[in-house]
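# Structural overview
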Amino acid sequence: MSVDIRLNTNDRYSRMKLVKGVDIDAIRRASICVVGAGALGNEVIKDLALYAPARLSIVDMDCVDYSNLGRCFLFDAADAETSNSKADAASRSACRINPDCRPDALNIDATSLDSAFFSEFDVVMGCVDSIRTRLHLNSNCYFSGTPYIDGGIDGLYGRVQTVLPPHGPCYGCAINGTHLSRVDAAFSCTGREANIPIRQIASDPSICGMVGSLQVLQGLRVISGTLSEGILLFIDGGVPSMMPLELTVDTKCANHILSVV
Amino acid sequence: MKAIKLEVRNSQTGNSALMEVDSKTRMQEILDSAVEFWSLSREAYLMKTGKRLLSASKTVSDCGLNDGDAIDLLPDPEGG
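The sections below set out a description of the structure shown in this document. These numbers come from a predicted model, not from an experiment.

## A short note on the sheet that holds strand E5 (residues 70-75) of chain B
Residue and element names in this part refer to chain B. Reading across from one edge, E2-E1-E5-E3-E4 is the order of the five strands in this open sheet, with mixed pairing throughout. The two strands at the open ends of the sheet, each matched to only one other strand, are strand E2 (16-21) and strand E4 (52-53). Note that strand E1 (residues 4-10) and E2 share six bridges and pair antiparallel. The residue of E2 that forms the bridge with valine 8 is alanine 17. The sheet strands contacting helix H1 (residues 27-37) are E1, E2, strand E3 (45-49) and E5, and the helix crosses E2 at an angle near 140 degrees.

Spelled out as structure tokens, the structure:
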């Protein structure tokens, strides 16, 4: 008896279906939110577009400028020329990459979104450039029970943290006074938002690619049900090395104190 | 209270410093001292020993650190 082992070449997902530990049907049914469509968001959106989840929401209130073009391949010069919305431009490019993917673009401040909004998703991908926004996403996802996968880049360094509520450690468990002073620095002593010069964060396309891909891999595993524990990965592209850091719940973390109450 | 000597290492520069602390010293104090000592820029940092992330709200004793242990300071990337 002979068995036909040829792959279906008409199915664009045929090779993805062969990956062990990734449930392509669950991913195609999933709702995923990407917050931030900058350098990191571009990488995450590209990978997710290839899978075409049922719902892909892209949140970003910024517009494309020329400085984005060096590392954001979903944007082009016309987007920069017309100051097109990052969420719109990324959404259009995702459709071009895979016509099955129809993202919805939300041109709004992520900190205006609440836990009810995030509860609509199977996974939220944080690709933002501020600790303040990370804290907002982390708390709202934690309380809505939505897995949150945070990515961060700075030069040749990267971070990927997977937060799995309701029991695992969260972003708030990993931070300290140096993070909080960064949040405070954005405000004047009156509590108003201050217009102070901020450091421009170095961005290397290769590190963005690594961090974004790892975020997506973590997200796909969460949706596929093959990831049961949160993790914090620290990437040093200068060595190069990637180190999983052991992280425990900080009993003084506000998210965990409140969740106990 | 017996002094505990810790080696604090800056992973970005390779520099290290010896700090004498006691078991009740909070990890945040060690982090703040290192940032000030090396005049580090106002960024976010993480502390680890081995592969274990150290909580800033805990004390040296809570973290199970002993005389001669090393702490690594890592930058915590904020960009996106």
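Continuing now.
## Concerning the pattern of salt bridges
Residue and element names in this part refer to chain A. All told, the structure shown has ten salt bridges over all chains when counted by the stated rule. For arginine 92, the salt bridge is made with aspartate 79, and the minimal N-O distance between the two is 3.7 Å. Pair noted here: arginine 92 is in helix H4 (residues 86-97) and aspartate 79 is in helix H3 (residues 77-81), with a separation of 13 residues, a long-range link. Look at arginine 92 and you get partly exposed, because its relative accessible area is 43%. You can call aspartate 79 buried: its relative accessible area is 8%. The shortest N-O distance in the salt bridge between aspartate 150 and arginine 159 comes to 3.0 Å.

## Some details on the side chain of A:Asn84
Residue and element names in this part refer to chain A. Summarising the element assignment, asparagine 84 is placed in the loop between H3 and H4. By relative accessible area, which is 16% here, asparagine 84 ends up buried. Setting aside anything within four residues of it in sequence, one finds asparagine 84 in contact with Cys63, Val64, Asp79, Ala89 and Arg92.

## Here's the deal with the nonpolar core
A general tendency of soluble globular proteins is for nonpolar side chains to be buried together. Core analysis: the largest hydrophobic core is formed by 48 residues, its most contacted members being A:Val34, A:Ile45, A:Leu48 and A:Met125. Among the nonpolar cores identified, the runner-up in size contains 21 residues, and B:Val8, B:Val21, B:Ile71 and B:Leu73 belong to it.

## Description of the packing of helix H2 (residues 39-51) of chain A against H4(A)
All names here are of chain A. The contact between H2 and H4 brings their axes to 9 Å, and the two run at 40 degrees. Relative to H4, H2 is oriented oblique. The handedness of the crossing between H2 and H4 comes out as right-handed. Contact residues: H2 offers Ile45, Lys46, Ala49 and Leu50, while H4 offers Ala90, Ala94 and Ile97. Of the residues in the contact of H2 with H4, the class split is six nonpolar, no polar and one charged.

## As for empty space enclosed by the protein
The tally for this structure, following the rule as stated, stands at two cavities of 30 Å³ or more. Counted as a void, the largest cavity has a volume near 40 Å³. Lining the largest cavity are A:Cys173, A:Ala174, A:Ile175, A:Asn176, B:Leu46, B:Met47, B:Leu53, B:Leu54, B:Ser55 and B:Ala56. The set of elements that each furnish at least two residues to the lining of the largest cavity consists of helix H7 (171-174) of chain A together with E3 of chain B. Considering only residue class, the lining of the largest cavity consists of eight nonpolar, two polar and no charged.

## Things to note about the state of the cysteines
Residue and element names in this part refer to chain A. For the coordinates displayed, the defined rule picks out zero disulfides over all chains. Its sulfur unpaired, cysteine 173 is 3.9 Å from the next cysteine sulfur, which belongs to cysteine 170. Its sulfur unpaired, cysteine 253 is 3.6 Å from the next cysteine sulfur, which belongs to cysteine 170.

## Overview of helix H8 (residues 177-184) of chain A
Among the residues making up H8(A), those that are buried are A:Thr178, A:His179, A:Arg182 and A:Val183. Angularly, the buried residues of H8(A) cover 150 degrees about the axis, an arc narrow enough to put them on a single face. Where H8(A) is buried, its residues contact helix H6 (131-144) and H7 of chain A together with H1 and E3 of chain B.

## Things to note about the sheet that holds strand E8 (residues 241-245) of chain A
Residues and elements named next belong to chain A. Pairing in this open sheet of eight strands is mixed, and the strands run E3-E2-E1-E4-E5-E6-E7-E8 from one edge to the other. Looking at the sheet topology across the chains shown, the edges are occupied by strand E3 (104-106) and E8. Averaged over all neighbouring strand pairs, the angle between strand axes comes to 15 degrees, with direction disregarded. Relative to strand E5 (residues 148-154), H6 is tilted by about 165 degrees, and along the sheet it contacts strand E1 (31-35), strand E4 (123-126), E5 and strand E6 (157-163).

## Examining the interface of chain A and chain B
Listed by partner, the interface residues are 35 residues for chain A and 26 residues for chain B. Counting the surface chain A buries against chain B, the share from its top three residues, A:Thr178, A:Arg182 and A:Glu246, is 20%. Summed over the shared surface of chain A and chain B, the result is two salt bridges. We note a salt bridge from A:Arg159 to B:Asp76, for which the minimum N-O separation is 2.7 Å. Here chain A is connected to chain B by 16 residue pairs in polar contact (both at pLDDT 80 or more).

What counts, and where the lines are drawn
- Residues numbered from 1 in each chain as written.
- Chains lettered and ligands numbered in written order.
- Predicted model: local features only at pLDDT ≥ 70, side-chain atom pairs only at ≥ 80, totals over all residues.
- Heavy atoms only, no water.
- Pairing = 2+ DSSP bridges.
- Helix = DSSP H or I, 4+ residues; strand = E, 2+ residues; numbered from the N terminus.
- Contact = heavy atoms within 4.5 Å.
- Axes fitted to C-alpha atoms, helices over the stretch in contact; angles between N-to-C directions.
- Salt bridge = Lys/Arg side-chain N within 4 Å of Asp/Glu carboxyl O.
- Buried < 20%, exposed > 50% of the residue type's maximum accessible area, 1.4 Å probe, protein only.
- Core = buried A, V, L, I, M, F, W, Y, C linked by side-chain atoms within 4.5 Å.
- Parallel < 35°, antiparallel > 145°, perpendicular 65-115°, else oblique.
- Left-handed = near helix turned anticlockwise from the far one by under 90°.
- Nonpolar A, V, L, I, M, F, W, Y, C, P; charged D, E, K, R; others polar.
- 1 Å grid on protein atoms, 1.4 Å probe; cavity = no way out; pocket = protein on both sides within 12 Å on 5 of 7 lines; lining within 4 Å.
- Points joined across faces, edges and corners; volume = space filled by probe spheres on them.
- Disulfide = S-S within 2.5 Å.
- Arc of directions from axis to C-beta.
- Buried area = accessible area lost by both parts, 1.4 Å probe.
- Polar contact = N/O pair within 3.5 Å; in protein donor to acceptor, adjacent residues only side chain to side chain.

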